[in-house]
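Results of the structural survey
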Amino acid sequence: MIEGSRSFVHQGNRMSVRSELVHLLLILLAQLAAVESFVTLPSSHRSAVSIFFPAAKGSCTTQKLHQQAVGVGIPSTNCMEARASRIYTFHGGARVGRSRSTGSLRMAEGAGESETDTNMEVKIYTAIDKIDREEWNSCCEEAAGQGKENPFLCWEFLNALEASESASGASGWSPHHLVVHDKESGRILACAPVYLKGHSYGEYVFDHSWARAYRTFSSDNYYPKLQCCVPFTPVMGPRLMARGETAEEARQARMALVAGMVELCGKYQISSAHVTFPTKEDWELMGRQGFLLRTGIQYHWRNEGYQTFDEFLMKLKQSRRKSIRQERNKVAKAGVRVRALRGKEIEERHWDAFYQFYLNTVDEKWGQAYLNRKFFSLLGRDLAERVLLVVAEEEETGELVAGALNLIGGDCLYGRNWGCSKKYDSLHFELCYYQ
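The numbers attached to residues start from 1 for each chain and follow its sequence in the written order. It should be noted that, the model being predicted, local features are given only for residues of pLDDT at least 70 and side-chain atom pairs only at 80 or more, the latter also being counted only at that level, while totals for whole chains, interfaces and linings use all residues. As a rule here, side-chain values cover all heavy atoms of the structure and leave hydrogens and water aside.

1. Description of the packing of helix α10 (residues 348–364) against helix α11 (residues 373–382)
The angle between two axes is taken between their N-to-C directions and runs from 0 to 180 degrees, where each axis is a line fitted to C-alpha atoms and a helix contributes only its stretch in contact. Each helix corresponds to a stretch of at least 4 residues labelled H or I by DSSP, and each strand to a stretch of at least 2 residues labelled E; elements are numbered beginning at the N terminus. Remark: α10 packs on α11, axes separated minimally by 10 Å, with the N-to-C direction vectors making an angle of 135°. With respect to their mutual orientation, α10 and α11 come out oblique. The interaxial crossing formed by α10 with α11 has right-handed handedness. Where α10 approaches α11, its residues E348, W351, D352, F354, Y355 and Y358 are matched on the opposing element by R373, F376, S377, L379 and G380. Among the residues making up the contact of α10 with α11, the classes are represented as six nonpolar, two polar and three charged. By the definition adopted for this analysis, an angle is roughly parallel if under 35 degrees, roughly antiparallel if over 145, roughly perpendicular if from 65 to 115, and oblique otherwise. A clockwise turn of the near helix away from the far one marks a right-handed crossing, whereas an anticlockwise turn of less than a right angle marks a left-handed crossing. We call two residues in contact whenever any of their non-hydrogen atoms come within 4.5 Å of each other. Polar here means any residue outside two lists: the nonpolar Ala, Val, Leu, Ile, Met, Phe, Trp, Tyr, Cys and Pro, and the charged Asp, Glu, Lys and Arg; Gly therefore counts as polar.

If you want it as structure tokens, here you go:
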């Protein structure tokens, strides 16, 4: 299954006039940046949102750069009033339109919150544990839809990232979660996981070319930037998580979150805001508010009603069926036992072993270990029933030699991390896919 990924850029309003030569250079650089952002990504789901603001002195602007990146010139607009042209970019081309947001949002002086013209207020929280767990999860579940719960957006998962300091100010992920409250009751109407970032690592949608272009053609710094996402998790899901007694109330709350991101960037002179791996619904709503939209590709496997693994194999060509059966037979004869652990079955010794597997994979790929050991313990403690850890152990010694971490969603099993301490032919595919 192939699905599109999405990304957005909101434009600022000041743009200086440059020579035609400089404009041509901007177009070329932006086109190269756009190509690189797709070519360098692994073949999996891609989705990103980006709000860009021009340099305060108006020398040369990121606005112009990203307008030219999609091959469409856009008039100067006022970002704070969210009046901007709308661009949808697909692999096949682009189209442009006009849009205005409803209502205004202003930052209260001396306070980390914003007020709308409606009965809503937007507040910034610098830690997830300062937000009511049940209310956050209620917004998360309603936004995902019944039976489609996304474990990565729940309070417990985000708290494990922050409490373990895997996602913290020290690691370049400073929490700045946006929450929409009802002014009278204080009830949470909407929320979004947002971070102030000093780098572009751990996002799985790379914008290093944009950062280089910003440094080259702007007098301001690209970092820090605002990032709305689940850290280290390239999984599509709601980003503007709202609930309401009516569909209109939920829509207004989601609009308030968008306005809050724009206002936060403007007030604190943040270069840009990015929303990665959103749903199509969020993607379209933000496009109507002036965000630049980008698409990509992610591959999903879907169960077409298979009751057994053999039923799935029968849908494949004979040569492929034979190959997979041979691979599975190699594992069966390798002297390892495969077990699927869940909930209380997962002990600290399993996490000790799996963390080492995780580090081994990072070392092999010349990567960076974003997650620390404490994170896995918190994950096992707070999300035990949503964690599925598939492990392989040697039959003779009982030694754990490989593992694959999965999270269980409402209608989907999400495979996240894999690693091993000893090499066995075809064990990777057995644990990560065939099981």
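There's plenty left to go through after this.
2. A few points about the pattern of salt bridges
Every case where a carboxyl oxygen of Asp or Glu lies within 4 Å of a side-chain nitrogen of Lys or Arg is listed as a salt bridge. In total, this model carries 22 salt bridges according to the counting rule given. When the shortest N-O distance is used, the salt bridge between E203 and K225 registers 3.0 Å. Of this pair, E203 sits in the loop between β11 (194–197) and α5 (208–217) while K225 sits in strand β12 (residues 225–228); the two residues are 22 residues apart in sequence, bridging distant segments of the chain. For K422, the salt bridge goes to E394, with nearest N and O atoms at 3.1 Å. Pair noted here: K422 is in the loop between β19 (413–420) and α12 (427–434) and E394 is in strand β17 (residues 387–394), with a separation of 28 residues, a long-range link. Each residue is placed in one exposure class: buried if its accessible area under a 1.4 Å probe, protein chains only, is under 20% of its type's maximum, exposed if it is over 50%, and partly exposed if it falls in between. Given a relative accessible area of 33%, K422 falls into the partly exposed group. Here E394 falls in the buried class, since its relative accessible area comes to 13%. Taken together, the shared-partner salt bridges connect K197, E203, D207 and K225 into one network.

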